[in-house]
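Close look at the chain arrangement
Chain residues, written in single-letter form:
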Amino acid sequence: MPYYISNYSEDRSQNLYNAVLALLKDEGLFRKPELTAKAVAERLDVNPSAISAAIAYKTDSNFSRLLARLRVREACFMLRNRKYDDLTTEEIGLRAGFASRQTFYNCFSREMIMTPRQYRKASAEEREKVDRMLRIHL
């Protein structure tokens, strides 16, 4: 266990990590580009280092990477969903919480091993394939 988190029990780390995730997901805070660990810590009435320690303990990562993963997951949902077909990939990235197109493309490509446009195209092709199969069976 890394030194900087050794002061936090496993239960406390788990509970704090769950509270962070709930706050980020349930309230949609991850969509705010300006969100910081300090702001989350203030909302949970804990020290920012406790937030960082809990995330590191549970994910071997950090707050920024956790946010990026949540935002990429949200972008994936929107890129797959026909409801968002009228939005550009850049608009989707911004709605998912990324501050810029470049940051969105970098994070998305790192997490998904393809660009958002490639992901959208592959998802559309898969949807079309399913639609064709459904038409054949009806």
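Residues numbered from 1 in each chain as written. Predicted model: local features only at pLDDT ≥ 70, side-chain atom pairs only at ≥ 80, totals over all residues. Heavy atoms only, no water.

A short note on the side chain of Ser-61
Definition in use: Each helix is a run of DSSP H or I of at least 4 residues and each strand a run of E of at least 2, with the numbering of both proceeding from the N terminus. In what follows, residue pairs with any heavy atoms lying within 4.5 Å of each other are defined as contacts.
Here Ser-61 shows up in the loop between helix 3 (48-59) and helix 4 (63-80). Not counting residues within four places of it along the chain, the set of residues in contact with Ser-61 comprises Ile-55, Ala-56 and Arg-69.

As for the nonpolar core
Going by this rule: As used in this record, nonpolar core signifies buried Ala, Val, Leu, Ile, Met, Phe, Trp, Tyr and Cys residues forming a set joined through side-chain atoms within 4.5 Å. Accessible area is worked out with a 1.4 Å probe on protein chains only. A residue is then buried under 20% of its type maximum, exposed over 50%, and partly exposed in between.
Of all hydrophobic cores here, the largest spans 20 residues; its most connected members are Val-20, Leu-24, Val-40, Ile-51, Phe-63 and Leu-66. Take this core: its biggest share by element is six residues, from helix 1 (residues 10-26). Look past the residues within four positions of Val-40 in its chain and what remains in contact with it is Val-20, Leu-23, Leu-24, Leu-35, Ile-51 and Phe-63. By size, the runner-up hydrophobic cluster in this structure holds 16 residues, among which are Met-78, Phe-98, Cys-107 and Phe-108.

Quick notes on the pattern of salt bridges
Operational definition: We define a salt bridge as a contact between a side-chain nitrogen of Lys or Arg and a carboxyl oxygen of Asp or Glu at a distance within 4 Å.
Following the criterion strictly, the structure yields eight salt bridges and no others. For Arg-65, the salt bridge identified is with Glu-111, shortest N-O distance 3.0 Å. With Arg-65 in helix 4 and Glu-111 in helix 6 (residues 101-112), this residue pair connects regions lying 46 residues apart in the sequence. By relative accessible area, Arg-65 is classed as partly exposed at 27%. With relative accessibility at 24%, the residue Glu-111 sits in the partly exposed group.

Brief notes about the packing of aromatic side chains
Put simply, the rule reads: For Phe, Tyr and Trp, rings pair up if their centres lie within 6.5 Å, where Trp contributes its six-membered ring, and each pair is then called stacked (planes under 30 degrees apart), edge-to-face (over 60) or tilted (otherwise). Whether a charge sits over a ring comes down to the Lys NZ or Arg CZ being within 6 Å of the ring centre and within 35 degrees of the ring normal.
Applying the stated criterion to the full structure yields five aromatic pairs. Ring geometry for Phe-77 versus Tyr-84: centroids 6.3 Å apart, planes at 65 degrees, classification edge-to-face. Under the relative-accessibility criterion, Tyr-84 is labelled buried at 14%. With centroids separated by 5.2 Å and ring planes inclined at 45 degrees, the aromatic side chains of Phe-98 and Phe-104 adopt a geometry described as tilted. Classification of Phe-98 as buried rests on a relative accessible area of 2%. With a relative accessible area of 1%, Phe-104 lands in the buried category. Three or more aromatic residues link up through ring pairs in this structure, and these residues are Phe-98, Phe-104, Tyr-105, Phe-108 and Tyr-119. A cation over a ring is seen here: Arg-101 above Tyr-105, with NZ or CZ 4.2 Å from the ring centre.

Topic: the confidence of the model for the protein chain
For clarity, the cut-off: The predictor attaches a confidence to each residue, called pLDDT, with possible values from 0 through 100.
With 93% of its residues at a pLDDT of 70 or more, the protein chain shows a mean pLDDT of 90. Note that pLDDT drops below 50 for residues 1-6; the model gives that stretch six contacts with residues more than four away or on any other chain.

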